[in-house]
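# Fold and geometry: a report
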Amino acid sequence: MGNLSIPLSVQKLQTALQAKAKESPGFRFYALYDKVYREDILQFAYACCKANDGAAGVDGQEFEDIEACGRDRWLGELAQELREKRYQPQAVRRVFIPKRGGQGRRPLGIPPIRDRTTQMAAVLVLGPIFEADLQPEQHAYRPERNALTAVKQVHSLLNTGHTQIIDADLAAYFDTIPHFELLKSVARRTRNRDEKRGIPQGSPLSPLLSNIYMRRFVLGWKQLGYAERYKAHIVNYADDLVICCKGNAEEALHAMRQVMDRLRLTVNEEKTHLCHVPEQYFDFLGYTFGRCYSTQTGRAYLGTRPSKKSIQRQIESIRETTDRKRCGLAAEVVVKELNDGLRGWANYFKLGPVSKAFRAIDTYATQRLRRWLCGKHKVSGSGCKRYPDEYLYEKLGLARLPQLTHNLPWAKA
């Protein structure tokens, strides 16, 4: 929902639905469809989609087109189609975007705005119900949980002896979720019909549906006794997961393959491996986990730090922002883009010994900005005299990452 305030009427509905779901784990909701086309629900769903912006779908319709013709009229027509059960979703426009790390591309589905709005309305109604069922091991797309809570949970498990790690990777998780099996999970709480495979990444419904299906693995792992037998705890964020074990990790990995096979999901064997901490390291959600050393005492401890890939991606982002091809832009524009990226990166990578990474990125940002200024103003040389650090920081307002660590008590030097 971003920074949008949820309307009181929508809050009341969601609170009531979640309370009923928590009170009655086996209760099946039947009268939900009419909630999807409620005026307040559709209006807020549209506002959420607009706040996320995004490209047009196959129909080419943009938010500006809807606003020009009248948003209320457009929403009214959509509500009527839903009420009269004439609504039919359109095809999803598929595009391919680079994968993290630059290795290959992954598909992204872009529904038209009308379908995004309808799906978001369904999320507003169904989300609170299924939130009551999700497991504590699941951290993605949930209130009060995020990638950092997953990182902290892994760190806690490592420091309580769960140092045999299954670093798991699923092949095309979003694309291969079987609809029949997924909708059996949805049918536990409400009616539905469909019989296909996969959920398009990029649609408002895909995060909720991916969590619902991943719940089957997390719950099955515990109900089949693997969590207790191998002292093996799952930490999951969307399609990323690790299993932290005290027991035999090789047997736990074999058990994981069996459960995934029963769920008709494919383990990517090339990217799935065992890791024994502290002798080895592993990456999860942008962090590297393993042995760290205190710069003050030299003492070894199990901790986290930004991964090399995460640092490299940020450096690449800085390089692109300060490319010579962008010398026609105003310095204020480029500095704002740099600051947005730097602060966003620092806001996420704030756990563990981050100061070294912050200094490296800070140094690179100043060098690149200085080089960009020289190109823009046709200044020869390094530009250190013309554009000293004081000019970059005080005049242009470039963010200083090392200073941010002073306000982070958990960011160790």
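First, a word on what this report is: a plain description of the structure on this page. (Residues numbered from 1 in each chain as written. Predicted model: local features only at pLDDT ≥ 70, side-chain atom pairs only at ≥ 80, totals over all residues. Heavy atoms only, no water.)

All told, the structure shown has 21 salt bridges when counted by the stated rule. Residue Arg86 pairs with Glu84 through a salt bridge whose shortest N-O separation is 2.6 Å. Relative accessible area serves as the criterion here: at 42%, Glu84 is assigned to the partly exposed category. Because the salt bridges share partners, they merge into one network encompassing Glu81, Arg114 and Asp115. (Salt bridge = Lys/Arg side-chain N within 4 Å of Asp/Glu carboxyl O. Buried < 20%, exposed > 50% of the residue type's maximum accessible area, 1.4 Å probe, protein only.)

The strand order across the open sheet built from 4 strands is β4-β5-β3-β6, with neighbouring strands paired in antiparallel fashion. The open sheet is flanked by β4 (232–237) and β6 (273–276), the only strands paired with a single partner. Strand-to-strand twist of the sheet, defined as the mean angle between neighbouring strand axes without regard to direction, takes the value 20°. Two strands pair when backbone bridges link them, and strand β3 (residues 164–169) and β6 are joined in this way by 4 bridges, in the antiparallel orientation. Looking at the pairing, Ile165 lines up with Cys275 of β6. Its contacts with the sheet put helix α12 (residues 249–262) on β3, β5 (240–245) and β6, and the angle it makes with β3 is roughly 25°. (Pairing = 2+ DSSP bridges. Helix = DSSP H or I, 4+ residues; strand = E, 2+ residues; numbered from the N terminus. Axes fitted to C-alpha atoms, helices over the stretch in contact; angles between N-to-C directions. Contact = heavy atoms within 4.5 Å.)

Right, let's talk about the packing of aromatic side chains for a bit. Taken as a whole, this structure holds 16 aromatic pairs when the rule is applied. When the ring of Tyr141 is compared with that of Tyr237, the centres are 6.2 Å apart and the planes differ by 40°; the resulting orientation is tilted. In this pair, Tyr141 is assigned in the loop between α6 (113–131) and α7 (147–158) and Tyr237 in strand β4, connecting sequence segments 96 residues apart. Residue classification places Tyr237 among the partly exposed positions, given a relative accessible area of 22%. Among the aromatic residues, ring-to-ring pairing joins Tyr287, Trp345, Tyr348, Phe349 and Phe358 into one connected group. Residue placement shows Lys20 over the ring face of Phe27; its charged tip is 4.6 Å from the ring centre. When the ring centre of Tyr393 is taken as origin, the NZ or CZ atom of Arg400, which lies over that ring, is 4.0 Å away. (Phe/Tyr/Trp six-rings, centres within 6.5 Å; stacked < 30°, edge-to-face > 60°. Lys NZ or Arg CZ within 6 Å of the ring centre and 35° of its normal.)

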